[in-house]
Amino acid sequence: MSSITTGIDIVKVKRFREVPFKNNRNFYMKNFDSEEIKYCLKFKDPYTHFAGKFAAKEAFQKAIRKSISMTEIHTTHGSFGEPILNCNKVKCKKIEISISHEKHYAIATSLVFW
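Here's a quick rundown of the structure. (Residues numbered from 1 in each chain as written. Predicted model: local features only at pLDDT ≥ 70, side-chain atom pairs only at ≥ 80, totals over all residues. Heavy atoms only, no water.)

1. Focus on the sheet that holds strand β4 (residues 94–101)
Within a sheet, each strand pairs with its neighbour through backbone hydrogen bonds, oriented either parallel or antiparallel.
Working step 1: With antiparallel pairing, the 3 strands of this open sheet are ordered in space as β1-β5-β4. With partners counted over all chains shown, the strands left at the sheet margins are β1 (4–12) and β4, one partner each. Taking each pair of neighbouring strands and ignoring which way they run, the sheet shows an average axis angle of 10°.
Working step 2: Along the sheet face, helix α4 (residues 46–64) touches β1, β4 and β5 (105–113) and points at about 35° away from the line of β5. (Pairing = 2+ DSSP bridges. Helix = DSSP H or I, 4+ residues; strand = E, 2+ residues; numbered from the N terminus. Axes fitted to C-alpha atoms, helices over the stretch in contact; angles between N-to-C directions. Contact = heavy atoms within 4.5 Å.)

Right, dumping it as C-alpha coordinates:
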(Lines give C-alpha, C1' and ligand atoms only; values in the text may rest on other atoms or scores of the structure.)
Protein backbone atom coordinates (compact mmCIF):
# COMPACT_ATOMS: atom_id res chain seq x y z
CA MET A 1 0.00 0.00 0.00
CA SER A 2 1.37 3.41 -0.90
CA SER A 3 1.11 6.45 1.33
CA ILE A 4 1.61 10.20 1.08
CA THR A 5 3.31 12.46 3.60
CA THR A 6 3.26 16.24 3.57
CA GLY A 7 5.32 19.14 4.88
CA ILE A 8 5.02 22.91 4.86
CA ASP A 9 7.40 25.73 5.76
CA ILE A 10 7.31 29.53 5.79
CA VAL A 11 10.38 31.79 5.84
CA LYS A 12 10.83 35.52 6.35
CA VAL A 13 12.71 36.83 3.32
CA LYS A 14 14.36 39.36 5.66
CA ARG A 15 16.45 36.51 7.12
CA PHE A 16 18.21 36.18 3.76
CA ARG A 17 18.42 39.90 3.05
CA GLU A 18 20.26 40.31 6.38
CA VAL A 19 22.98 37.90 5.21
CA PRO A 20 23.82 39.17 1.69
CA PHE A 21 25.34 36.62 -0.65
CA LYS A 22 28.34 38.80 -1.40
CA ASN A 23 29.45 38.80 2.25
CA ASN A 24 28.19 35.36 3.34
CA ARG A 25 29.09 32.87 0.62
CA ASN A 26 29.78 30.11 3.18
CA PHE A 27 26.22 30.33 4.51
CA TYR A 28 24.80 29.98 1.01
CA MET A 29 27.16 27.14 0.06
CA LYS A 30 25.96 25.19 3.14
CA ASN A 31 22.33 25.49 2.05
CA PHE A 32 22.30 25.63 -1.76
CA ASP A 33 24.18 24.00 -4.61
CA SER A 34 25.93 26.09 -7.27
CA GLU A 35 23.02 25.81 -9.75
CA GLU A 36 20.52 27.00 -7.14
CA ILE A 37 22.74 29.96 -6.27
CA LYS A 38 23.19 30.83 -9.95
CA TYR A 39 19.41 30.66 -10.48
CA CYS A 40 18.61 32.94 -7.52
CA LEU A 41 21.30 35.50 -8.30
CA LYS A 42 19.91 36.15 -11.78
CA PHE A 43 16.93 37.98 -10.24
CA LYS A 44 16.82 41.62 -9.18
CA ASP A 45 15.80 40.44 -5.70
CA PRO A 46 17.49 37.05 -5.25
CA TYR A 47 16.50 36.77 -1.59
CA THR A 48 12.84 35.94 -2.23
CA HIS A 49 14.06 33.05 -4.39
CA PHE A 50 16.64 31.88 -1.83
CA ALA A 51 13.91 31.96 0.83
CA GLY A 52 11.54 29.99 -1.39
CA LYS A 53 14.10 27.28 -2.12
CA PHE A 54 15.03 27.11 1.56
CA ALA A 55 11.35 26.74 2.52
CA ALA A 56 10.96 23.95 -0.06
CA LYS A 57 13.90 22.04 1.40
CA GLU A 58 12.53 22.46 4.94
CA ALA A 59 9.05 21.37 3.84
CA PHE A 60 10.56 18.28 2.22
CA GLN A 61 12.42 17.38 5.41
CA LYS A 62 9.17 17.68 7.34
CA ALA A 63 7.42 15.43 4.80
CA ILE A 64 10.08 12.71 5.06
CA ARG A 65 10.32 13.18 8.83
CA LYS A 66 14.09 13.30 9.00
CA SER A 67 16.91 15.78 8.68
CA ILE A 68 19.09 15.67 5.58
CA SER A 69 21.86 18.06 4.65
CA MET A 70 20.42 20.96 2.67
CA THR A 71 23.04 20.43 -0.03
CA GLU A 72 21.74 16.89 -0.62
CA ILE A 73 18.32 18.31 -1.51
CA HIS A 74 18.29 19.88 -4.97
CA THR A 75 15.74 22.19 -6.52
CA THR A 76 15.41 22.93 -10.21
CA HIS A 77 12.65 24.13 -12.52
CA GLY A 78 10.67 22.43 -15.25
CA SER A 79 9.87 23.74 -18.71
CA PHE A 80 6.94 25.80 -17.40
CA GLY A 81 8.95 27.22 -14.48
CA GLU A 82 7.44 24.78 -12.00
CA PRO A 83 9.69 23.85 -9.07
CA ILE A 84 11.17 20.35 -8.99
CA LEU A 85 12.87 18.80 -5.96
CA ASN A 86 15.25 15.83 -6.04
CA CYS A 87 17.01 13.98 -3.25
CA ASN A 88 19.00 10.81 -3.90
CA LYS A 89 19.06 10.00 -0.16
CA VAL A 90 15.33 9.25 -0.09
CA LYS A 91 13.77 6.29 -1.87
CA CYS A 92 10.25 7.36 -2.76
CA LYS A 93 7.98 7.12 -5.79
CA LYS A 94 7.45 10.84 -6.38
CA ILE A 95 8.02 14.28 -4.83
CA GLU A 96 5.75 17.26 -5.50
CA ILE A 97 6.53 20.76 -4.25
CA SER A 98 4.96 24.16 -4.54
CA ILE A 99 6.71 27.43 -3.72
CA SER A 100 5.24 30.91 -3.39
CA HIS A 101 6.98 34.10 -2.39
CA GLU A 102 6.45 37.81 -2.15
CA LYS A 103 8.38 40.72 -0.66
CA HIS A 104 8.27 39.58 2.98
CA TYR A 105 7.58 35.83 3.04
CA ALA A 106 8.20 32.62 1.13
CA ILE A 107 6.18 29.47 1.69
CA ALA A 108 6.51 25.95 0.32
CA THR A 109 4.65 22.68 0.54
CA SER A 110 5.90 19.20 -0.20
CA LEU A 111 4.08 15.96 -0.91
CA VAL A 112 6.07 12.73 -0.87
CA PHE A 113 4.53 9.63 -2.42
CA TRP A 114 5.88 6.35 -0.98
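On we go.
2. Details of the pattern of salt bridges
Working step 1: Summed over the entire model, instances satisfying the criterion amount to 6 salt bridges.
Working step 2: The partner of Asp9 in a salt bridge is Lys62, and the shortest N-O contact between them spans 2.8 Å. Taken together, the residues span a long stretch of sequence, with Asp9 in strand β1 and Lys62 in helix α4 at a distance of 53 residues.
Working step 3: Take Asp9: its relative accessible area is 12%, and that puts it in the buried class. (Salt bridge = Lys/Arg side-chain N within 4 Å of Asp/Glu carboxyl O. Buried < 20%, exposed > 50% of the residue type's maximum accessible area, 1.4 Å probe, protein only.)

3. Details of the packing of helix α3 (residues 34–41) against α4
Working step 1: At a closest axis distance of 8 Å, the pairing of α3 and α4 adopts a crossing angle of 145°. Contact with α3, carried on its side by Glu36, Ile37, Tyr39, Cys40 and Leu41, involves Pro46, His49, Phe50, Lys53 and Lys57 of α4 and no other residues of that element.

4. Regarding the environment of Gly52
Working step 1: Within the secondary structure, Gly52 is located in helix α4.
Working step 2: According to the relative accessible area criterion, Gly52 is buried, its value standing at 1%.
Working step 3: Taking C-alpha positions, Gly52 is 14 Å from Asp33, a pair spaced 19 residues apart along the chain.
Working step 4: Filtering out sequence-adjacent residues up to four positions away, Gly52 remains in contact with Ile99, Ala106 and Ala108.

By themselves, these are just geometric observations and shouldn't be taken as functional.
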